[in-house]
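Spelled out, the chains give:
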Amino acid sequence: MVVLFSTLRQNVCIFLAQMETNNINNHQKTNNENRNNNHDIAVAYHYLLNILETKTCQKDAITAAEVDHIIVVITGRHNIMYRLSSSSTTSQTAATTTTTTTSHHTTLYSWNDRSRLYVFSILTMLVVNTARFANRLAPPAAMAGFALYASIQDAHAKEASKTDLNQVRQAIMDVVETDAEKRGDGTSLAGTFIRLAWHCCGTYKASDDSGGSNGARMRFHPEADYGNNAGLDKARAALEPVKAKFPDLSYADLYTYAGVVCVEESGGPKIPFKTGRVDFEDGSTSDKEDRLPNANYGGRDKNVAGMRAVFNRMGFDDQEIVALLGAHAMGRCHTDASGFWGPWTNAETTFSNEYFRLLLEERWSPKMTHNGKPWTGPDQFEDSTGKLMMLPVDLTLVAEPAFRKWVEIYAKDEDKFFKDFAAAFAKLLALGVPNAIVKPWYQFW
Ligand code: HEM
């Protein structure tokens, strides 16, 4: 009301100023022409004139109190409402004519517009009550949501609790140790189980949420026949006795958990892991194309691009790529699997940052001979002793500055490598498996 009143006062003053220079009859004429358009405006104007005619028509001669009085008379007798409008109007009244010199026009509205007030009031009522209603609903909705979340978590927990993961761990390690004894050459299934876990997950495509470890689709065509999965049939077969012992644990959980167990039991970091994967009936949802990365794309730049294409597709950046490849500290290449030969480090059953140290400190040259005979396998590199190896993509980690930066960090700081590896490997294992994502207790989604 205060604003309305001061606006009235201001416009009456403007009107008075205009009266000094304009012919009052013209205003009357204009007013008469618009009478039909807005009867109340005309009446208001008429009253204003009557009152002003008793004055000197000099704006200075009229006091502020008198102007207020004029306004009270007009609004009181004729219920006139004022409002400022920024648009130009075609039905200009005398009052609006006085203000055309400014960018704003003053428009008179009659109480006929009361309906607008009603609409506005109803809308306000609706908004206020909806807000209050939503406010009242919020606590019960939150409680219901939490109860639902808790029951889902509980269902998963019950499902997982059917299987004691500590017993599964023991069974996996029994397989690894019994097999190692049989081999007796210092090699182990541990690296192969880590590779199995990674290859189950490495098919993931973030853009359409396809692939990943859910379903354990590597048991079926086409994934079983991917060139990059050569040799992993042995790992899957070695885990069959564990699956037979723990039938409630899905293959998908078992294959990924075997990787976790082998990292941890080989001296590596603790990997956050959760069950929740299911087994699919067949491989119909697998990509016919082998989505896993190649060991050699043909030159430094192509290797960088090839690795980034595959890992970025899954949602990993340069730092995560380097951290993940640190798993090559474990295990070895087999001529009857990938065609490459040899281990990356001198301690292939120990999880460490040795891979990064050797990448930087050894002189790596193309492998030319094997056991005294010419090397006929795919291009690979060997150290000065010829006992250790690097794949072309491994050496790309030191050739590409964006990767090398992380190799240098991890070579110096094993704790940092363990921390980053654990995070990246846990992320890898959960790709495409929402139930398997391990979150802190306070994070619900
Ligand atoms: C550009 C990415 C990668 C390429 C091209 C690659 C390639 C290979 C190849 C060719 C082998 C030898 C397989 C054999 O002959 O048995 C191998 C083994 C291995 N890879 Fe990778 N790898 C990559 C990334 C990774 C990642 C991300 C991990 C784990 C996080 C991993 C873990 C392993 C392990 C542990 C082995 C040893 C397997 C064994 O001892 O049987 N690799 N990799």
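Keep in mind that what you see is a predicted model, and the values were worked out from it rather than measured.

The rules behind the values
The residue count restarts for each chain, going from 1 along the sequence in the order it is written. A pLDDT threshold of at least 70 governs which residues receive local features in this predicted model, and a stricter bar of 80 or more applies before side-chain atom pairs are shown or counted, although totals over entire chains, interfaces and linings include all residues. A run of H or I in DSSP becomes a helix once it reaches four residues, and a run of E becomes a strand once it reaches two; helices and strands are each numbered from the N terminus. Residue burial is a threshold on neighbouring C-beta atoms within 10 Å of the residue's own C-beta, all placed from the backbone, with 20 or more meaning buried, 12 or fewer meaning exposed, and counts in between meaning partly exposed. For every residue pair, C-beta atoms are placed from the backbone, and the pair is scored as a contact if these atoms sit within 7 Å. Any residue whose C-beta atom, as set from the backbone, lies within 6 Å of a molecule or strand is reported as near that molecule or strand. The classification used treats Ala, Val, Leu, Ile, Met, Phe, Trp, Tyr, Cys and Pro as nonpolar, Asp, Glu, Lys and Arg as charged, and all other residues, Gly among them, as polar. When DSSP finds two or more bridges between two strands, those strands count as paired.

Helix and strand counts for the protein stand at 16 helices and nine strands. In the protein, which comprises 445 residues, the proportion classed as buried is 34%. Excluding contacts between residues fewer than 6 apart, the proportion of contacts in the protein whose partners are at least 24 apart in sequence is 72%.

Here we come to the site of the ligand. Around the ligand, 25 residues are found, and the nearest of them are Gly-191, Thr-192, Ala-327, Gly-331 and Ser-338. Among the elements of the structure, helix H8 (190-201), helix H12 (318-325) and strand E3 (332-333) are those that each provide at least two residues to the shell around the ligand. The residue makeup of the shell around the ligand, split by class, is 15 nonpolar, eight polar and two charged.

One open sheet accounts for three strands, arranged E5-E8-E9; its pairing is antiparallel. The open sheet has two edge strands with one neighbour each: strand E5 (365-366) and strand E9 (389-390). Alignment of E5 against strand E8 (residues 381-382), held across two bridges, turns out to be antiparallel. Across the sheet, Ser-365 pairs through a bridge with Glu-382, a residue of E8.

Right, let's talk about the environment of Ile-409 for a bit. Following the sequence through the fold, Ile-409 ends up in helix H15 (residues 401-412). Note on Ile-409: 17 C-beta atoms within 10 Å, which makes it partly exposed. In this structure, the C-alpha to C-alpha distance between Ile-409 and Arg-357, residues 52 residues apart in sequence, is 9.9 Å.

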